[in-house]
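Spelled out, the chains give:
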Amino acid sequence: MTPLMLSFLALVGITCGSALVMLWTKNILHAALAMFMTMLGLAGLYVLAYADVMAVSHLMIYVGGVLILILFGIMLTNQNSRGDKDQNNLVTEESSRVWPVLIGLAIFVGLVFILARGNFSGVEIADPNSKLSFVGISLLTEYAIPFELVGIYLLIALIGSTYIAKHHD
Amino acid sequence: MINEIPLVLFLWAGACLFAIGFSMLILKRNAIFVLMGIELMLNAANLNLIAFSRQDTANQGLLLGVFVLVVGVCEMAVALALVIQAYRQFQHIDLGRFKSRN
């Protein structure tokens, strides 16, 4: 049991445990907090996969952007069903728990079974060093056109979402 | 290197996240919860890309992961705008109570 393996197991525990909390809870604010922990654990997993650039950008985008967006969405669609304004008691509806959990378990067991049969040995780790300069250079040379296209796509999505979200009377 | 984490463990973690995301997708009735489940599934796919990119000298999975991140953000922004508009229309975002008019 090396320290690398121990930290991997701890990060997988944080990630999958918080995802299970998201699945289990009915309170949407608790789910947002658990999603924060999931994103932290995922960033740690990216670090362990030698993708430090991805870990940092994942933290910036998900914790700084998407999670704030989700919290705004929760705030703007708050129905306050219980009527008590003091507590953060945003309990939501859900369907019967048996079938979704069974289907999810079946997907997990099937995927693990398929992946356990694959042969991934014999491939060596390419480069454990930082990939920051590599990603920067490739985004501006080899992947320049997809990079520009994804910028235009982001602009279109932002304009479209502000148009969708405004009042249409 | 001798003390590396095996690739299949990353793939199992991704499979776990994907399964949890899919069951959130069909369990929850709040639209924002469903969006969170979709984000979990997207991140599971991204984890697989990056785990495979560890073995690749050209690091193509890492660069595809950057684009997946941007597409995920766009999807989230548009979907939350749609959710807010649906809330204005129906005064709730319960997916089980939406009815189509005919």
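Residues numbered from 1 in each chain as written. Chains lettered and ligands numbered in written order. Predicted model: local features only at pLDDT ≥ 70, side-chain atom pairs only at ≥ 80, totals over all residues.

A short note on the overall build of chain A
Helix and strand content of chain A: 6 helices and 0 strands. Listing the helices and strands of chain A from first to last along the sequence gives α-α-α-α-α-α. Split into buried and exposed, the 169 residues of chain A put 24% on the buried side. (Helix = DSSP H or I, 4+ residues; strand = E, 2+ residues; numbered from the N terminus. Buried ≥ 20, exposed ≤ 12 C-beta atoms within 10 Å, placed from the backbone.)

Brief notes about the packing of helix H2 (residues 28-48) of chain A against helix H3 (residues 52-76) of chain A
When two helices pack together, their arrangement is given by the angle between the helix axes and the distance between those axes. Residue and element names in this part refer to chain A. For the pair H2 and H3, the least separation of the axes is 8 Å and the interaxial angle reads 170 degrees. With respect to H3, the axis of H2 lies roughly antiparallel. Contact residues: H2 offers Ile28, Leu29, Ala32, Met35, Phe36, Met39, Leu42, Ala43, Tyr46 and Val47, while H3 offers Asp52, Met54, Ala55, His58, Leu59, Tyr62, Val63, Leu67, Ile70, Leu71 and Ile74. Looking at the contact of H2 with H3 residue by residue, the class counts come to 19 nonpolar, 1 polar and 1 charged. (Axes fitted to C-alpha atoms, helices over the stretch in contact; angles between N-to-C directions. Parallel < 35°, antiparallel > 145°, perpendicular 65-115°, else oblique. Contact = placed C-beta atoms within 7 Å. Nonpolar A, V, L, I, M, F, W, Y, C, P; charged D, E, K, R; others polar.)

Let's talk about the environment of Ala157 of chain A
Inspection of the secondary structure puts Ala157 of chain A in helix H6 (residues 144-165). Dropping the residues within four chain positions of it, Ala157 of chain A is found in contact with Cys74, Ala77 and Val78 of chain B.

Here we look at unusual backbone geometry
Residue and element names in this part refer to chain B. Of note, Asn59 is a non-glycine position whose phi angle comes to about 55 degrees, a positive value. As for its position among the elements, Asn59 is in the loop between helix H2 (31-53) and helix H3 (60-90). With a phi angle near 65 degrees, Gln91 is a residue other than glycine that sits in the positive phi range. Inspection of the secondary structure puts Gln91 in the segment after H3.

Concerning the packing of H3 of chain A against H2 of chain B
The geometry of H3 of chain A relative to H2 of chain B is characterised by a closest axis approach of 12 Å and an angle of 170 degrees between their N-to-C directions. On the basis of the axis angle, H3 of chain A is roughly antiparallel to H2 of chain B. Along its contact with H3 of chain A, which presents Met54, Val66, Ile70, Gly73 and Ile74 of chain A, the element H2 of chain B presents Ile32, Met36, Glu39 and Ile50 of chain B. By residue class, the composition of the contact of H3 of chain A with H2 of chain B is 7 nonpolar, 1 polar and 1 charged.

Topic: the interface of chain A and chain B
If you look at the interface, chain A gives 69 residues, while chain B gives 63 residues. Here the residues of the side of chain A that touches chain B are counted per class, giving 51 nonpolar, 14 polar and 4 charged.

A few points about the environment of Leu11 of chain A
Residues and elements named next belong to chain A. Summarising the element assignment, Leu11 is placed in helix H1 (residues 3-24). By C-beta crowding, Leu11 is classed as buried, having 20 other C-beta atoms within 10 Å. With sequence-adjacent residues up to four places away left out, Leu11 is seen in contact with Gly41, Gly44, Leu45 and Leu48.

Section: the nonpolar core
Counting 65 residues, the largest nonpolar core has Ala49 of chain A together with Leu17, Ile32, Met36, Leu47 and Ile50 of chain B as its most contacted members. Of all elements in the fold, only H1, H2 and H3 of chain A together with helix H1 (7-27), H2 and H3 of chain B reach the threshold of two or more residues within this core. By residue number, the principal contributor to this core is H1 of chain B, which donates 13 residues. (Core = buried A, V, L, I, M, F, W, Y, C linked by C-beta atoms within 7 Å.)

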